[in-house]
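Single-letter residue listing:
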Amino acid sequence: MSDVSVSVEGAPATGAGRAGGGGLAATCVLALGTFAVGTDAFVVAGFLPDMARSLHVSSATAGQSITVFAAAYAALSPVLATLTAPLSRRTLLVGALVVLGLANLGSALAPDFRTLMLSRVLAAAGAAVYTPGAGAVSAALVRPELRARSLAVVVGGLTVATALGVPLGQVASGALGWRGALGLVAALCLAVAAGVAWIMPSLPGSPRVPLRARLTVLRQPAVLAVLPLTVFGMGASYTVYAYSVEALDAVGVADSRHVWMLFLYGLGAVLGNLASGFGTDRWGSARVLTTGYLTMAISLGGLGWLASAHSPQPVLVGLVMVGWGASTWCQTPAQQHRLIAAAPREAPLVVSLNSSCVYLGIGLGTLVGGATLPTGVGTVCAIASGVAVVALTFSLATARAPGASATAPRGER
């Protein structure tokens, strides 16, 4: 494996990664890792009712395993980004995937709900190191005008996980039980760790800087314009998504078709993510985010209307699932691009802060969804749609913040 000279702090880099297509090719390897992370993070939604019955808790209580994962990720991401800064990026990414694999093995063997929750915290630690690290490295490996597309490839691993990981998790849990499904996730994480160790170039770390000094980046208006929006957007989507099986039941989708509807959500996620990378590079993040949040509000509102109508409409549900998935996952490349443009020398930190906000939004959304689920899926969807409108309003209000549009300078296009 050849070394690549690269600055993961956002400073200009030289070497193979910058010399054309090599950087984009390397990001495909990173995307395999984010696929493993995404499968771990999202697979639980596919077998949540089965896990709840096995551990003798309600679906709303079992859903808090997603909340705990998200909260731990949000809290640990910036701290671990600081503590692990001096490590070689290859060592860091491989180690994170190994931790994630072992944590999933622990989840699969958990004898009770408390042990499961502890294993989810450990899994969150591995994910909190891997995902922002992979995003920052991918951004450093390519030319500035390709940055959003490179980020979209890495985030694409997460979106492909929603397209394939969640439905396959539901299939695997049907054949092997939810414990067997988590065991497969553990094997996937460890296999990808071996692949990243074998294929990835050796990339240097960066000097360790105290977290307090690094967090001065939060004083920048462009950074403050991004992070709350990530919480609102992901919170809106996950108010419903963590309980997607119950939502599909409420709109009259037969159990045998759940996997296909979840696949449509994932397909929308993949398409929305890729379109966001291209659209952000071409037109800037403001237009991408406005379109995304408007689509999310309409999709979640439509799902609530279908739940209240008590008239099965599988074609409409399928369209809603595609729009919902696309609007959820079009956010991340645009938001990461804005942050890196605003604070290029703190790229790993701001990407990790955005990842924290992604999972903070997931955790808060799951809490709200679990608390309101007894009132009916229609109510849950209405609340989620309202939060999406808040995200749209916030996005429009901050679109003119310094650096908020995150379009590439003319000389770099």
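Residues numbered from 1 in each chain as written. Predicted model: local features only at pLDDT ≥ 70, side-chain atom pairs only at ≥ 80, totals over all residues. Heavy atoms only, no water.

Q: So what exactly am I meant to see when it comes to the overall build of the chain here?
A: Scanning the chain for helices and strands turns up 17 helices and zero strands. Partitioning the contacts of the chain with sequence separation of at least 6, the portion at a separation of at least 24 is 86%. As displayed, the chain offers around 15200 Å² of accessible surface, 70% of which is attributable to carbon and sulfur atoms. (Helix = DSSP H or I, 4+ residues; strand = E, 2+ residues; numbered from the N terminus. Contact = heavy atoms within 4.5 Å. Areas by Shrake-Rupley, 256 points an atom, 1.4 Å probe, with all protein chains shown as cover.)

Q: Teacher, can you tell me more about the side chain of T230 here?
A: Residue position: T230 is located in helix α10 (residues 227–241). Given the relative accessible area of 3%, T230 is considered buried. Among all residues touching T230, those that are not within four sequence positions of it are Q331, Q335, N354, C357 and V358. (Buried < 20%, exposed > 50% of the residue type's maximum accessible area, 1.4 Å probe, protein only.)

Q: What is the right way to read the packing of aromatic side chains from this model?
A: We describe a pair of aromatic rings using the distance from one ring centre to the other and the angle between the two ring planes. Tallied over the entire structure, the rule returns eight aromatic pairs. Centre to centre, the rings of F278 and W283 are 6.0 Å apart; their planes meet at 85°, and the pair counts as edge-to-face. With a relative accessible area of 42%, F278 lands in the partly exposed category. On the basis of relative accessibility, which here comes to 47%, the residue W283 falls in the partly exposed class. Every member of this aromatic cluster is reached through a ring pair, and the members are Y238, Y241, Y265 and W324. (Phe/Tyr/Trp six-rings, centres within 6.5 Å; stacked < 30°, edge-to-face > 60°.)

Q: In this structure, what is going on with the pattern of salt bridges? I would like to understand it.
A: Once the charged atoms of two side chains with opposite charge are near each other, the side chains can pair. Summed over all chains, the structure comprises two salt bridges. The residue D40 makes a salt bridge to R120 at a minimum N-O spacing of 3.1 Å. In this pair, D40 is assigned in helix α1 (residues 22–42) and R120 in helix α6 (residues 113–140), connecting sequence segments 80 residues apart. Each member of the pair, D40 as well as R120, carries the same accessibility label: buried. Here R53 and D50 are joined by a salt bridge, their closest N and O atoms 2.2 Å apart. One end of the pair is R53 and the other is D50, both in helix α2 (residues 48–54) and three residues apart, which spans about a single turn. (Salt bridge = Lys/Arg side-chain N within 4 Å of Asp/Glu carboxyl O.)

Q: Looking at this structure, how should I read unusual backbone geometry?
A: Where the residue is not glycine, phi is negative for most of them; where a peptide bond is considered, it is trans in most cases. One non-glycine residue, H56, lies in the positive phi region at around 60°. Considering the arrangement of structural elements, one finds H56 in the loop between α2 and α3 (59–62). H56 gets classed as exposed once you look at its relative accessible area, which sits at 74%.

Q: Any chance you could explain the nonpolar core here in plain terms?
A: Soluble globular proteins tend to bury their nonpolar side chains together. If you look at the biggest cluster of nonpolar residues, it comprises 97 residues, and the most contacted ones within it are M51, V240, W329 and I362. Per-domain counts for this core show at least three residues from each of domain 1 (22–208) and domain 2 (213–401). The residues contacting I362, other than those within four sequence positions of it, are F42, I66, A70, M234 and Y238. (Core = buried A, V, L, I, M, F, W, Y, C linked by side-chain atoms within 4.5 Å. Domains from an automatic or database assignment.)

Q: Would you take a moment to explain α10 for this structure?
A: Think of an α-helix as 3.6 residues a turn; residues three or four steps apart then line up on the same face. Relative to the 21 Å expected for 15 residues at 1.5 Å per residue, α10 spans 21 Å between its end C-alpha atoms, a close match to the ideal helical length. Counting buried residues in α10 gives 13 out of 15 residues, a clear majority hidden from the surface. (Expected span 1.5 Å × (residues − 1).)

Q: For this particular structure, what's the right way to read a nonpolar patch on the surface?
A: Together, V98, L102, L105, L109 and L190 give the surface a local cluster of nonpolar side chains, amounting to about 440 Å² of exposed area. When residues in the nonpolar patch are grouped by element, the largest group, four residues, is from helix α5 (residues 89–109). Along the chain, L105 turns up in helix α5. (Patch = residues over 30% accessible without salt bridge, like charges linked within 9 Å, V, L, I, M, F, W, Y side chains within 5 Å.)

Q: Honestly, the environment of G369 in this entry has me stumped. Any pointers?
A: Of note, G369 is situated in helix α16 (residues 347–372). The residues touching G369, leaving out its near neighbours within four places in the chain, are T239, Y243 and V380.

Q: Looking at this model, I keep getting lost on the environment of A250. Mind explaining?
A: By secondary structure assignment, the location of A250 is in helix α11 (residues 244–250). Judged by relative accessible area, which is 29%, A250 ranks as partly exposed. Note: C-alpha distance between A250 and L306 (56 residues apart in sequence) is 8.3 Å.

Q: Would you mind showing me how to read the side chain of S395 here?
A: Tracing the backbone shows S395 in helix α17 (residues 377–398). The residues touching S395, leaving out its near neighbours within four places in the chain, are L229, L289, T290 and Y293.

Q: I tried to follow the packing of helix α12 (residues 258–283) against helix α14 (residues 314–329) on my own but got confused; where do I start?
A: Here α12 crosses α14 at 40°, and the two axes come no closer than 6 Å. Taken together, the axes of α12 and α14 lie oblique to each other. Both α12 and α14 take part in a crossing whose hand is right-handed. Facing M261, L262, L264, Y265, G268, A269, G272 and N273 of α12, the residues of α14 in contact are P314, V317, G318, M321, V322, W324, G325, A326, T328 and W329. When the residues that make up the contact of α12 with α14 are grouped by side-chain class, the tally is twelve nonpolar, six polar and no charged. (Axes fitted to C-alpha atoms, helices over the stretch in contact; angles between N-to-C directions. Parallel < 35°, antiparallel > 145°, perpendicular 65-115°, else oblique. Left-handed = near helix turned anticlockwise from the far one by under 90°. Nonpolar A, V, L, I, M, F, W, Y, C, P; charged D, E, K, R; others polar.)

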